[in-house]
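The primary structure of each chain is shown beneath.
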Amino acid sequence: MGKKVLVVGGGGRCHAIVDALSRSPQVSKIYCAPGNAGIAAQAECVPLKDTQVEELKKFALDNSIDLTVVGPEASLALGIVDEFEAAGLRIFGPSKSAATIESSKDFAKRLMAKYGIPTAAYETFEDYAAAVEYVRGHSFPVVLKYDGLAAGKGVVIPETFEEAESVLKDMLLDDKFGKGKVVIEDFLTGPEFSLMCFVDGTRVWPMALSQDHKRAYEGDKGPNTGGMGAYSPLPFITDEDLSYSIEKIMKPAAAGMVAEGCPFKGVLYGGLMKTPDGVKVIEFNCRFGDPETEVVLPRLESDIYAIFSAVADGTEMPEIKWSEKATIGFVMASKGYPGHYDKGFEITGLDALESCENVRVYHMGTASVHSSEGQDKVVTSGGRVLMVVGFGADLHDAHANALAAVEQIHCDNLFYRRDIGWRVL
Ligand code: AMP
Ligand code: GLY
């Protein structure tokens, strides 16, 4: 009997997970909650939000789901894994306590300090006056991180004392992000990269490397976003950098979580920076990265269901193989993102790309609506709308394929960066 899988989430990352699962010879049925217009072509979408943990659990029990895979941090921070496991359900993802490695910057920094994991020097503050005094004596720029989930908007890097003071006021006096602490850390320099690993307790298996582009506009200008594009592999990360990152960062972090009594199971995402003093941690996430997953999983040649099972069950891991091909993905986002944007704009040109061998379009924020002519059309329904991934023998080739594809997609309200991968192209 083929396996039935439930994927929780509805963005581009989940589309890439569904896509990888659909290549598994073991999987016969995929559900996705809530999914989106693109995911609907490969999975049965279930109208439940990623935060409706009770309802999701009932769905998994009623439908004899063999394995649930969780995409978003919100579900993990709510304890979806603990709830499912208590009900005897198999699920891929970290427990609520292990998910703290992402939801609390302060917890992550203390873990790194305790287990000697390289990262920027820092102090944590709850008191506004004490934080302002500390920043007064600090060099600039300085990095201010709100200690909680803030959808990528909780990090501010002021250039001046006055700016820092006003950000601290927002974070600690006016509670603009919620009630919480602030981590103040040294500003590091160097290229950033993402190392996602499958982790089960002290066991760590690295995925192919990727790099995200966080700023909204070309030339790395404009506000920080959830990510405007990504590519894989990364020629500027040497084998030495990689083995250092695995041995001195990812493995000690996994072992540290076990020692702290909150063993990690799932994807541990290292947001790393290659600084002049070696590789250091910028952040840890407790899940697949978005949009990194959309360029990494298409390179996976092994059966992802077998990988998820080995982690979920604590059994032997099969060999994990990555293809030699390169991938580059452009995010097409709603005009105005990451600020205010409107939704509901029709997207055309997607059908013609479906048969294109060197392109894969992952839907991030789309919906399907019935038009008056009785036909379904795809419309924008989020800030980040599509991740258009090009494949190639090398990154140049992949870039050309991705660019040719985005130029065939038409919508009145989308923008994208053409310079994804500029560091290596
Ligand atoms: P985070 O949410 O912690 O990943 O931070 C968001 C972005 O802020 C990162 O991707 C970096 O570009 C930047 N950033 C965070 N911490 C530092 C740091 N210590 N030095 C320089 N840049 C940083
Ligand atoms: N692309 C960064 C993240 O997923 O957090």
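Above this text sits the structure in question.
Residues numbered from 1 in each chain as written. Chains lettered and ligands numbered in written order. Predicted model: local features only at pLDDT ≥ 70, side-chain atom pairs only at ≥ 80, totals over all residues. Heavy atoms only, no water.

K.L.:
Sorry, what's going on with the pairing of strand β22 (residues 376-380) here?
P.N.:
On a regular strand, each side chain points to the face opposite its neighbour's, so the side chains alternate between the two faces of the sheet. Pairing analysis gives 2 bridges linking strand β19 (residues 346-347) to β22, with the strands arranged antiparallel. The residue of β22 that forms the bridge with glutamate 346 is valine 379. As defined by bridge partners, strand β21 (residues 366-370) adjoins β22 across 5 bridges and the pair is classed as antiparallel. Along β22, the bridge assignment pairs alanine 367 with valine 379. In sequence, β21 turns back onto β22 through a hairpin of 5 residues, with glycine 374 there showing a positive phi of about 85°. (Pairing = 2+ DSSP bridges. Helix = DSSP H or I, 4+ residues; strand = E, 2+ residues; numbered from the N terminus.)

K.L.:
In this structure, what is going on with the packing of aromatic side chains? I would like to understand it.
P.N.:
Ring pairs (aromatic) are described by centroid distance and by the angle formed between their planes. This model, assessed by the stated rule, comprises 10 aromatic pairs. Here the aromatic rings of phenylalanine 92 and phenylalanine 198 are separated by 6.4 Å at their centres, their planes lie at 65°, and the arrangement is edge-to-face. In this pair, phenylalanine 92 is assigned in strand β5 (residues 91-92) and phenylalanine 198 in strand β10 (residues 192-200), connecting sequence segments 106 residues apart. Neither residue differs from the other here; phenylalanine 92 and phenylalanine 198 are each classed as buried. (Phe/Tyr/Trp six-rings, centres within 6.5 Å; stacked < 30°, edge-to-face > 60°. Buried < 20%, exposed > 50% of the residue type's maximum accessible area, 1.4 Å probe, protein only.)

K.L.:
I tried to follow the state of the cysteines on my own but got confused; where do I start?
P.N.:
Evaluated as defined, the whole model comprises 0 disulfides. Free cysteine cysteine 32: the closest other cysteine sulfur is in cysteine 14, separated by 5.3 Å. A relative accessible area of 0% places cysteine 32 in the buried class. (Disulfide = S-S within 2.5 Å.)

No statement about biological role is implied by the geometric values presented.
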